[in-house]
Amino acid sequence: MQIPSIMRIPLMNIKGLRAFRNVVAQGSAAAAAESMHLSQPAISRLISGLEAELRLTLFHRTRQRLLLTEEGAAFYREAGRILDNLDEVPRIVAEIRAERVERLRIVCMPRIAPTIVSPAVSRMAADHPKVRISLDVRTRRDLERWIAGREYDIGVGALPVSHPQIESRPLFRAAAQVVLPAGHPLAEREALSAKDLKGERIVTLMRGLLLRQQVDEFFRSAGIEAAYAIETASSQLACQLVADGAGLTIADSLTTSVVESSRIVLRPLEPRRWTSFGLLIPGKAGPAEYTDRFVETLNRTVAAMLRPGSIEAVDPAVEPQNRRQP
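The rules behind these values
Residues numbered from 1 in each chain as written. Predicted model: local features only at pLDDT ≥ 70, side-chain atom pairs only at ≥ 80, totals over all residues. Heavy atoms only, no water. Helix = DSSP H or I, 4+ residues; strand = E, 2+ residues; numbered from the N terminus. Buried < 20%, exposed > 50% of the residue type's maximum accessible area, 1.4 Å probe, protein only. Contact = heavy atoms within 4.5 Å. Areas by Shrake-Rupley, 256 points an atom, 1.4 Å probe, with all protein chains shown as cover. 1 Å grid on protein atoms, 1.4 Å probe; cavity = no way out; pocket = protein on both sides within 12 Å on 5 of 7 lines; lining within 4 Å. Points joined across faces, edges and corners; volume = space filled by probe spheres on them. Nonpolar A, V, L, I, M, F, W, Y, C, P; charged D, E, K, R; others polar. Pairing = 2+ DSSP bridges. Core = buried A, V, L, I, M, F, W, Y, C linked by side-chain atoms within 4.5 Å. Salt bridge = Lys/Arg side-chain N within 4 Å of Asp/Glu carboxyl O. Axes fitted to C-alpha atoms, helices over the stretch in contact; angles between N-to-C directions. Parallel < 35°, antiparallel > 145°, perpendicular 65-115°, else oblique. Left-handed = near helix turned anticlockwise from the far one by under 90°.

A look at the overall build of the protein chain
Scanning the protein chain from terminus to terminus reveals 11 helices and 12 strands. In the protein chain, which comprises 326 residues, the proportion classed as buried is 44%. Nonlocal contacts in the protein chain, meaning residues at least 24 apart in sequence, comprise 74% of its contacts between residues at least 6 apart. When the accessible surface of the protein chain is split by element, carbon and sulfur atoms take 50% of a total near 17,000 Å².

Written as structure tokens, this is what we have:
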């Protein structure tokens, strides 16, 4: 489905976008009208004008109710962050006019947000209190697209990246580990292979996620058909399910570091598997003063977490990476 770029929508339809956002967020045209201090017919006209401009049918009209269509849901999903930030426009304009724009927009993958990025952002905020920092979390599937579109100043995610307009710089690598419930018979072994896990109930991530792809390849390369019992979208939740007795899982050492250790046992994979993480920087980036300072803070945070065999530094000379295209 082709979704029009929100940047092509004329300024006159900002009200239409606000009406669309409010109807979706509040569940009805009546509630949207009240919040915008408009009448319901005015909301309907704004929505109709927006649909005509976009050439999309955003809502089904049923018994005076507005129900999102598939196109409307796709548009909200794609443009939701921009729609949510519409009310920020006057403040941004005022800051630009006053030459006081000091912002840093960061995005990262969920599995490294609490362990690496959160401590670095907290230190950055303490060291530079005048900088407005926004921190977003996106799956790796969305990360490259949003970085390439320059919605963020910098990202932190798994490497390598494939987009030619993104520069990547390696930071560290994290070892994959088998997560077992405490007392499991396999916990007696020093390391575990795919054959050791044959027939075990596996808690895994959903298809399309990077770690799921890596786990699939781990079993496939050994000629083993994994017994996937539960799928989830969160590595941390997968570890929690293991602690609650749902089965075993494979997670990187960053994720396992934030799970209650008394209820689980960790064992390295055999052969060893690693996931590399690094910086994602959009091409043709503007002034990089605060981006560079955040990178320095992030490097210090990573250095404090390095553990041989678990979380290790990487050599930029040999690690796969992208260079920004001219």
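Let's talk about empty space enclosed by the protein
Inspection of every chain in the model, using the stated rule, returns one cavity of 30 Å³ or more. As a volume, the largest cavity reaches approximately 30 Å³. Surrounding the largest cavity, I202, V203, T204, L205, L211, R212, V215, T249 and I250 form its lining. If you tally residues by element for the lining of the largest cavity, the top one is strand β7 (residues 201-205), at four residues. Within the lining of the largest cavity, the residues separate by chemical class into six nonpolar, two polar and one charged.

Structural notes on the pairing of strand β9 (residues 248-252)
The element β9 is extensively covered by neighbouring structure, given that five of its five residues are classed as buried. Of the two faces of β9, both are covered, the one formed by L248, I250 and D252 as well as the one formed by T249 and A251. Strand direction decides the pairing type here: strand β6 (residues 166-181) and β9, joined by four bridges, are antiparallel. Along β9, the bridge assignment pairs Q177 with A251.

With respect to the nonpolar core
I112, V156, F172, L254, F277, F294 and L298 are the most contacted members of the largest nonpolar core, which has 39 residues in total. Contributions of two or more residues to this core are made by β3 (103-108), α6 (113-127), α7 (140-148), β5 (154-158), β6, β11 (274-282) and α11 (289-305). In this structure, L254 is in contact with R111, I112, T115, I116, F172, A174, F277, M305 and I311, ignoring residues within four places of it in sequence.

Digging into the pattern of salt bridges
One pass over the structure, following the stated rule, counts 13 salt bridges. For R111, the salt bridge identified is with D252, shortest N-O distance 2.7 Å. In this pair, R111 sits in the loop between β3 and α6 while D252 sits in strand β9, placing the two residues 141 residues apart along the sequence. Owing to a relative accessible area of 12%, R111 belongs among the buried residues under this scheme. For D252, a relative accessible area of 1% gives the class buried. Notably, a salt bridge pairs R189 with D196, separated by 2.5 Å at the nearest N-O pair.

Quick word on the pairing of β5
For β5, the buried fraction is high: five of the five residues fall into the buried class. The sheet contact formed by β3 and β5 spans three bridges and is parallel. Counted as the bridge partner of C108 is V156 from β5. Both β5 and β11 contribute to a ladder of four bridges, which runs antiparallel. Each residue of the ladder has a partner; that of A158, found in β11, is F277.

Quick notes on the packing of helix α1 (residues 14-26) against helix α2 (residues 29-36)
At their nearest, the axes of α1 and α2 sit 8 Å apart, and the two run at 125 degrees to each other. As judged from the angle between their axes, α1 and α2 are oblique. α1 and α2 meet at a crossing whose hand is right-handed. Of the residues in α2, those touching α1 at K15, R18, A19, N22, V23 and Q26 are A29, A31, A32, S35 and M36. A class-by-class count of the residues in the contact of α1 with α2 yields six nonpolar, three polar and two charged.

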